[in-house]
Amino acid sequence: MNLAKKISQIKHLPLCQVDNDWERTTKHQLLSEIYSQHRLMKAHSLTAEERFRLFSMKITRRLMPSLAKTVAFLLVIFLGSGMTFAAQASVPGEALWPIKRGFEKAELTLAVSSTKEAEVYIKHITKRLQELDKIVASTKSDPDKQIANDKVLKQVISYLGKDTAAVDKTLQIVKEEKEAPLETVLLAQKVKEVANQTKDKVIVLEAQALTNNNPVLEQALAEVKTASADADKTAVKVAVEVHQEVVASAAQNVEKSTNSQADQKQAVADQAEVKAVQTAVAEIIKSEISQLTTDIQDSKKQAEAVNSQVNKDIVQVTPAININGDVISLKEISEKPKAAEGKLGEAKLLLDAGSFKDAADKLLESKVMQENIGSALRTIEKTVKDSVNSTSTIEQVKPISKPTTLNTINTASTTTEINRAMNGLDIQAKPESEFLQ
Amino acid sequence: MKSISSNLKEKIAFLRLKGGDSEAFAFFYDHYVKQIYRFISLKVANRQIAEDLTQDVFLKAWQYLVDQKQIKNFQAFIYRIARNVVVDYYRQHKAQDLPLEDFAEKEELSDETMTDKIDFDIDTEKLLHYLQKLKPEYQEVLLLRYVEDLSFEEISEICQKDKANIRVLLHRAMTKLKEIIKES
């Protein structure tokens, strides 16, 4: 093959192949960014008269007949009370499900502002969570339906993921459009609440999927978990940024003000707005602290449980962990949540001092640590569980007295799995044999 | 090479794009993302970095349009942004290996078809490695010509050099690459 043709073969190398998921995600992100920039740009460049005209056109456009709007309107009016009410409780696979979805799409189409759109998405997320409850209850009452229900579950989880990602993006757009600050912060609060509810639900379902050994469902749930974590982060970030903007704007107005009555009234209004936004943002951060405190406590308990299980069941697999030259036991993993707790303590102090931005930053650091700990513990738990369930040779092997007895057990894969889990905590696990003399 | 209908679609989308139509942007994204990603990934040799830089390229392209600067040819425009983004990345990270500049350049311009007669039995990944040892402008012209299948005219618009220079550059790039391969 000549050199030119050889060079053309380079395009087939794996490095040159675009990852489809990345491509889709990036497109979505770029278009959201572009869309919000575009709207902002248009808003900034308009005169007051043009803005009024645009606003009234927006309302008229939303009410003017178009095919989609007409269908949406008909669905709302004619199917409004009877059928859609009956459809509210339906799940995928049931006869009324398409009507329910049609009604939901109509609601989105008729939303007159980005804030309303976000509220519609929040409503849809709540419905998805109710549907998940219904499907899980149905499986419990009739275990034979599990396989069919798993498919339905996956579908609902997929919709949940999309709605969660959509509410995240819409909240960002609301922030960029610089709507009423208090309204934006209250919306962020609602987004945070629904993101937390989603996360809690996903954790329960993840545990079930793990028990039932359903990796497809685990994967789908992991995506929703990521989406809800992102929405949660966005909500806190938006709230803190709006607070900063409101404070800065009030300070600017104070600098520019004269002693006129109008300026004094404005100053009073600004102060009231700052106080209201401050209260709402403080609530959001407090709720975040409370949630994280619970998560860290749960991690501590989980670490202790994993530790005791490892000691009880598979003594041979217990790795000696090498952290920067110091060898410590798995037991000491329970110390890791303390570091996250430390950051949380700092966040509380900063919140009390009124430094919301710094408090939010510390919270984020603590959250990242906590997520790493949680993920490492889950992997260790799973690995330990797999080891217990795998072969009968494990039951026959006696507790270690000499390193050579380790040869009878396949520790390599277990240690590798634990290594991967530990890497999230920046520590390396090695088989005990490497450290026994 | 593009067909007439795809050229026409691109022209229509380009007119809409200049008007700030975000759907037209989506059209160009779908059309060019793979090429731009490939172009960048072959230069930086890292998937994560290539993905980040590709995203930057499209964002910058949009920003350029928003600033209402004039663009005649979207393909040339986006490749130029890609080149600049990679150069900025190298400046910030100083990650690029210095190219092998000590090979003497051959001045004679033998017929390009001579390269067709030489057979190189070489692994594609190794070939990429050798390619990455070339000067950036040599890498670019080889990638654009043989990997992206662009014409001399298209390459000249991207690199902002005339067609004759591009032909010379391509010949020199091939010669140097062969020397590197033989030396290795």
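Since this is a predicted model, take the numbers as computed values, not measurements.

## What to know about the overall build of chain A
(1) Moving on: Helices and strands together make up the secondary structure of chain A, namely 15 helices and three strands.
(2) Moving on: By residue count, 30% of the 437 residues in chain A fall in the buried class.
(3) Moving on: Long-range contacts, defined here as pairs at least 24 residues apart, represent 73% of the contacts in chain A between residues at least 6 apart.

## Some words on helix α6 (residues 97–109) of chain A
Residues and elements named next belong to chain A.
(1) Moving on: The end-to-end C-alpha separation of α6 is 19 Å, in line with the 18 Å expected for 13 residues at 1.5 Å each.
(2) Moving on: Of all the positions in α6, only Lys100, Phe103, Glu104 and Ala106 are classed as buried. In a view along the axis of α6, the buried residues occupy a sector of 160°, so they form one face of it.

## Details of the environment of A:Glu365
Residue and element names in this part refer to chain A.
(1) Moving on: With respect to the secondary-structure elements, Glu365 resides in helix α13 (residues 356–389).
(2) Moving on: A tally of 16 C-beta atoms within 10 Å means that Glu365 is categorised as partly exposed.
(3) Moving on: Taking the C-alpha atoms as reference points, Glu365 and Ala347, separated by 18 residues in sequence, lie 9.6 Å from one another.

## Topic: the interface of chain B and chain A
(1) Moving on: Facing 34 residues of chain B, the contacting portion of chain A comprises 26 residues.
(2) Moving on: The set of elements that each furnish at least two residues to the side of chain B that touches chain A consists of α2 (22–44), α3 (47–66), α5 (114–117), α6 (124–131), α7 (136–147) and α9 (163–183) of chain B.
(3) Moving on: Counting residues per element, the side of chain B that touches chain A draws most heavily on α2(B), at 10 residues.
(4) Moving on: Here the residues of the side of chain B that touches chain A are counted per class, giving 20 nonpolar, six polar and eight charged.

## Remarks on the confidence of the model for chain A
(1) Moving on: Averaged over all residues, the pLDDT of chain A equals 75, while 69% of them reach at least 70.
(2) Moving on: In this model residues 391–418 of chain A is a low-confidence stretch, pLDDT under 50, and it forms 38 contacts with partners more than four residues away in sequence or in other chains.

## Comments concerning helix α8 (residues 152–159) of chain B
Owing to its 3.6 residues per turn, the α-helix brings residues three or four apart onto one side.
(1) Moving on: Among all positions in α8(B), only B:Glu154, B:Ile155, B:Ser156, B:Glu157 and B:Ile158 are buried.
(2) Moving on: Where α8(B) is buried, its residues contact α4 (74–93), α7 and α9 of chain B.

## Let's talk about the confidence of the model for chain B
Residues and elements named next belong to chain B.
(1) Moving on: Predicted confidence across chain B gives a mean pLDDT of 79, with 77% of residues reaching 70 or more.
(2) Moving on: Element-level mean pLDDT values for chain B span from 43 in α5 up to 92 in α7.
(3) Moving on: Taken as a whole, residues 96–118 scores under 50 in pLDDT and shows 21 contacts with residues more than four places along the chain or in a different chain.
(4) Moving on: The complex prediction reports pTM at 0.51, with the ipTM value standing at 0.78.

What counts, and at which threshold
Residues numbered from 1 in each chain as written. Chains lettered and ligands numbered in written order. Predicted model: local features only at pLDDT ≥ 70, side-chain atom pairs only at ≥ 80, totals over all residues. Helix = DSSP H or I, 4+ residues; strand = E, 2+ residues; numbered from the N terminus. Buried ≥ 20, exposed ≤ 12 C-beta atoms within 10 Å, placed from the backbone. Contact = placed C-beta atoms within 7 Å. Expected span 1.5 Å × (residues − 1). Arc of directions from axis to C-beta. Nonpolar A, V, L, I, M, F, W, Y, C, P; charged D, E, K, R; others polar. pLDDT = per-residue confidence, 0-100.

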